[in-house]
Amino acid sequence: QGASFGYTEPSLVWQMQMTVALEALEGRLYPEAQGLLEATVKNAEKFAVNDVRLATSLSYLAFVHALQHDPAAAERAAQRALSILEQSAGSGHNLLPLSFTALAFSHLRADFQPAKALPYFQRALRVLGGALVRDHPVIGLHLAGLAACHLAQSQAEQAKPLLEQAIAIAEMQY
């Protein structure tokens, strides 16, 4: 039955939808990306409860909402994604870093509000610390984000060690 016309594996459909959604995002076609990501969320909701693919879809949806200056929708999607990601900590799933990267960008690139972003970066680093090796680039990104929050609030002393760690991680990548 699976090989007949008209049947497509849901996982494959999700993967294709995400690919097209990310291309739309990269092309700055935000309304189109939003619609595609909403479709990936609906598709991923058919998978097992708290599937990391759902968190990935929600993370990118949060990013698109942030880019479109809809902070309430971005926050709803981000919180739902983060809840799933916290439960997936330590799973080693390859989508964890991608999901956290999208969430970080949703906090850093659009309407940066350091006081609101600070708890996200702290929470994310707790999860990432148990899920990834200490020198993973996504941890470096989150350390830099946390440092940016401190710098934006005139807290240079708190930012300095975080920036030093982020730079050390970046230097190991090259």
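Figured I'd write up the structure that's included with this text. (Residues numbered from 1 in each chain as written. Predicted model: local features only at pLDDT ≥ 70, side-chain atom pairs only at ≥ 80, totals over all residues. Heavy atoms only, no water.)

As a further point, take the pattern of salt bridges. A full pass over the atoms with the stated rule returns 3 salt bridges. Of the charged contacts in the structure, one is a salt bridge between Asp51 and Arg53, with a shortest N-O distance of 2.8 Å. A relative accessible area of 18% means that Arg53 is categorised as buried. In this structure, Arg123 and Glu86 form a salt bridge, with 2.6 Å as the shortest nitrogen-oxygen distance. In this pair, Arg123 sits in helix H6 (residues 114–131) while Glu86 sits in helix H4 (residues 71–88), placing the two residues 37 residues apart along the sequence. Judged by relative accessible area, Arg123 falls into the partly exposed class, the value being 21%. (Salt bridge = Lys/Arg side-chain N within 4 Å of Asp/Glu carboxyl O. Buried < 20%, exposed > 50% of the residue type's maximum accessible area, 1.4 Å probe, protein only. Helix = DSSP H or I, 4+ residues; strand = E, 2+ residues; numbered from the N terminus.)

Within the fold, Thr56 resides in helix H3 (residues 52–67). Beyond its immediate chain neighbours, meaning those up to four positions away, Thr56 contacts Trp14, Met18, Leu95 and Ser99. (Contact = heavy atoms within 4.5 Å.)

What follows covers the packing of aromatic side chains. Taken as a whole and judged by the stated rule, the model has 2 aromatic pairs. Considering the side-chain rings of Tyr120 and Phe121, the 5.0 Å spacing of their centres and the 70 degrees angle between planes classify their relative orientation as edge-to-face. By relative accessible area, which is 0% here, Phe121 ends up buried. If you follow Arg53 out to its NZ or CZ, it ends over the ring of Phe47, 3.6 Å from the centre. (Phe/Tyr/Trp six-rings, centres within 6.5 Å; stacked < 30°, edge-to-face > 60°. Lys NZ or Arg CZ within 6 Å of the ring centre and 35° of its normal.)

Let us now look at the packing of H6 against helix H7 (residues 137–152). As a packed pair, H6 and H7 sit with axes 9 Å apart at the nearest point and diverge in direction by 150 degrees. One finds that H6 runs roughly antiparallel with respect to H7. H6 and H7 meet at a crossing whose hand is left-handed. In this structure, H6 uses Pro114, Ala117, Leu118, Tyr120, Phe121, Gln122, Ala124, Leu125 and Leu128 to contact H7, whose residues at the interface are Val138, Ile139, His142, Leu143, Gly145, Leu146, Cys149, His150 and Ala152. Its residues placed into classes, the contact of H6 with H7 shows 14 nonpolar, 4 polar and no charged. (Axes fitted to C-alpha atoms, helices over the stretch in contact; angles between N-to-C directions. Parallel < 35°, antiparallel > 145°, perpendicular 65-115°, else oblique. Left-handed = near helix turned anticlockwise from the far one by under 90°. Nonpolar A, V, L, I, M, F, W, Y, C, P; charged D, E, K, R; others polar.)

So, about the packing of H4 against helix H5 (residues 96–108). Packing of H4 against H5 leaves a shortest axis separation of 11 Å and a crossing angle of 150 degrees. When the interaxial angle is binned, H4 and H5 end up roughly antiparallel. In terms of crossing hand, the pair formed by H4 and H5 is left-handed. Facing Ala78, Ala81, Leu82, Leu85 and Ser88 of H4, the residues of H5 in contact are Leu96, Ser99, Phe100 and Leu103. Across the contact of H4 with H5, the residue classes break down as 7 nonpolar, 2 polar and no charged.

So, about empty space enclosed by the protein. Enumeration over the complete set of coordinates arrives at 1 cavity of 30 Å³ or more. Size it by volume and the largest cavity reaches roughly 230 Å³. Lining the largest cavity are 14 residues; nearest its centre among them are Pro71, Glu75, Ser106, His107 and Asp111. Among the secondary structure elements, those contributing two or more residues to the lining of the largest cavity are H3, H4, H5 and H6. The leading source of residues in the lining of the largest cavity is H4, at 4 residues. Of the residues in the lining of the largest cavity, the class split is 8 nonpolar, 3 polar and 3 charged. (1 Å grid on protein atoms, 1.4 Å probe; cavity = no way out; pocket = protein on both sides within 12 Å on 5 of 7 lines; lining within 4 Å. Points joined across faces, edges and corners; volume = space filled by probe spheres on them.)

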